[in-house]
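# Architecture and fold: a report
Residues per chain, in single letters:
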Amino acid sequence: MFSAVVKTLFTLTSLTPICLIYAWVAISEGYVWVPFWLIVATVVLVVVFYLVLTFATKKLETFTFEFTSVEPVDQENIAFLLLYLSPLFVDQMSGLNLNVLVPALGCYALLLATSYTYHFNPMLSLGGWHFYKVGSKEGVSYVLLTRKKIRNVDRIKKVGQLTGYMLLDLSE
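Below is a short write-up of the structure.

About the criteria used
- Residues numbered from 1 in each chain as written.
- Predicted model: local features only at pLDDT ≥ 70, side-chain atom pairs only at ≥ 80, totals over all residues.
- Heavy atoms only, no water.
- Salt bridge = Lys/Arg side-chain N within 4 Å of Asp/Glu carboxyl O.
- Helix = DSSP H or I, 4+ residues; strand = E, 2+ residues; numbered from the N terminus.
- Buried < 20%, exposed > 50% of the residue type's maximum accessible area, 1.4 Å probe, protein only.
- Phe/Tyr/Trp six-rings, centres within 6.5 Å; stacked < 30°, edge-to-face > 60°.
- Contact = heavy atoms within 4.5 Å.
- Pairing = 2+ DSSP bridges.
- Axes fitted to C-alpha atoms, helices over the stretch in contact; angles between N-to-C directions.
- Core = buried A, V, L, I, M, F, W, Y, C linked by side-chain atoms within 4.5 Å.

This part covers the pattern of salt bridges. For the structure shown, the criterion picks out 2 salt bridges. Between glutamate 66 and lysine 137 there is a salt bridge, with the nearest N and O atoms lying 3.7 Å from each other. Placement of glutamate 66 in the loop between strand S1 (63-64) and strand S2 (67-72) and of lysine 137 in the loop between strand S3 (130-136) and strand S4 (141-146) is noted, with a sequence separation of 71 residues between them. Here the two residues glutamate 66 and lysine 137 agree in accessibility, since each one is exposed. Among the salt bridges present, the one from aspartate 169 reaches lysine 148, with a minimum N-O distance of 3.5 Å. Note that aspartate 169 is positioned in strand S6 (residues 166-169) and lysine 148 in the loop between S4 and strand S5 (158-163), a separation of 21 residues in sequence.

Structure (structure tokens):
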């Protein structure tokens, strides 16, 4: 259950910059309520997500994990650049087809929440978080979410499991 909540929040908060861009476009066209609700949704999602992460760092079961390899995967944020720039391809809010956009984003969020893939979230980078692909001695790859810049696998002593294949650094 917690895993699905985290994955869904990862997906939704990674899309919040698009909400802010559309809010800007709507404001420039004289809309009032559309940008208001887009900004409210963005703030609520980001606050809830950081509260969930804070809760997870305090309440997740802690265990030791022996890493065999570490590789940064923060570079995935470049893939989001095109997605974040997509509102520039719509010249007016009235040209935005919500009948296509909302179901497509819903399917995207559902697919990510129910699959074993991890979803990179550029918003976490703004909060000082880093993503690393780590290997276990059993040969299984995980994604480690940490605030540290890892150069040595021995720096991480304790982790908690956020999702099936995502670990959260709980060492101090």
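Turning our attention to the packing of aromatic side chains. Counting across every chain of the model gives 6 aromatic pairs. Centroid distance tryptophan 33 to phenylalanine 36: 5.5 Å. Interplanar angle 90 degrees. Geometry classified as edge-to-face. Taken together, the residues tryptophan 33 and phenylalanine 36, both in helix H3 (residues 33-59) and 3 residues apart, mark about one turn of the helix. Between the aromatic rings of phenylalanine 49 and tyrosine 50, the centroid separation amounts to 6.1 Å while the plane-to-plane angle is 75 degrees, which identifies the pairing as edge-to-face. Its relative accessible area of 2% is what places phenylalanine 49 among the buried residues. Given a relative accessible area of 25%, tyrosine 50 falls into the partly exposed group. Taken together, Phe65, Phe67, Tyr142 and Tyr165 form an aromatic cluster joined through their ring pairs.

Looking now at the environment of lysine 137. Residue lysine 137 is classed as exposed on the basis of its relative accessible area of 55%. Each C-alpha atom, one on lysine 137 and one on phenylalanine 67, is 6.6 Å from the other, the two residues being 70 residues apart in sequence. Beyond its immediate sequence surroundings of up to four residues, lysine 137 is in contact with Glu66 and Thr68.

Take the sheet that holds S3 next. Consider a sheet: its strands pair through backbone hydrogen bonds, and that pairing is either parallel or antiparallel. Strand order in the open sheet formed by 6 strands is S1-S5-S6-S4-S3-S2, with mixed pairing between adjacent strands. Edge positions in the open sheet fall to S1 and S2, since each of these has one partner strand only. Bridge analysis of S2 against S3 gives 5 bridges, and the strand direction is antiparallel. Bridging from a neighbouring strand, phenylalanine 67 pairs with serine 136 of S3. Its contacts with the sheet put H3 on S4, S5 and S6, and the angle it makes with S6 is roughly 75 degrees.

Residues Phe10, Leu53, Leu124, Phe131, Leu145, Leu162 and Leu168 are the most contacted members of the largest nonpolar core, which totals 18 residues. Contributing elements (two or more residues each) for this core: helix H1 (2-14), H3, S4 and S6. Here the element with the most residues in this core is H3; it accounts for 4 residues. The contacts of leucine 168, once residues within four sequence positions are left out, are Leu53, Ala56, Thr57, Leu60, Trp129, Leu144, Leu145, Lys158, Val159, Gly160 and Leu162. Grouped together as the second largest cluster of nonpolar side chains are 10 residues, Tyr132, Leu144, Ile156 and Val159 included.

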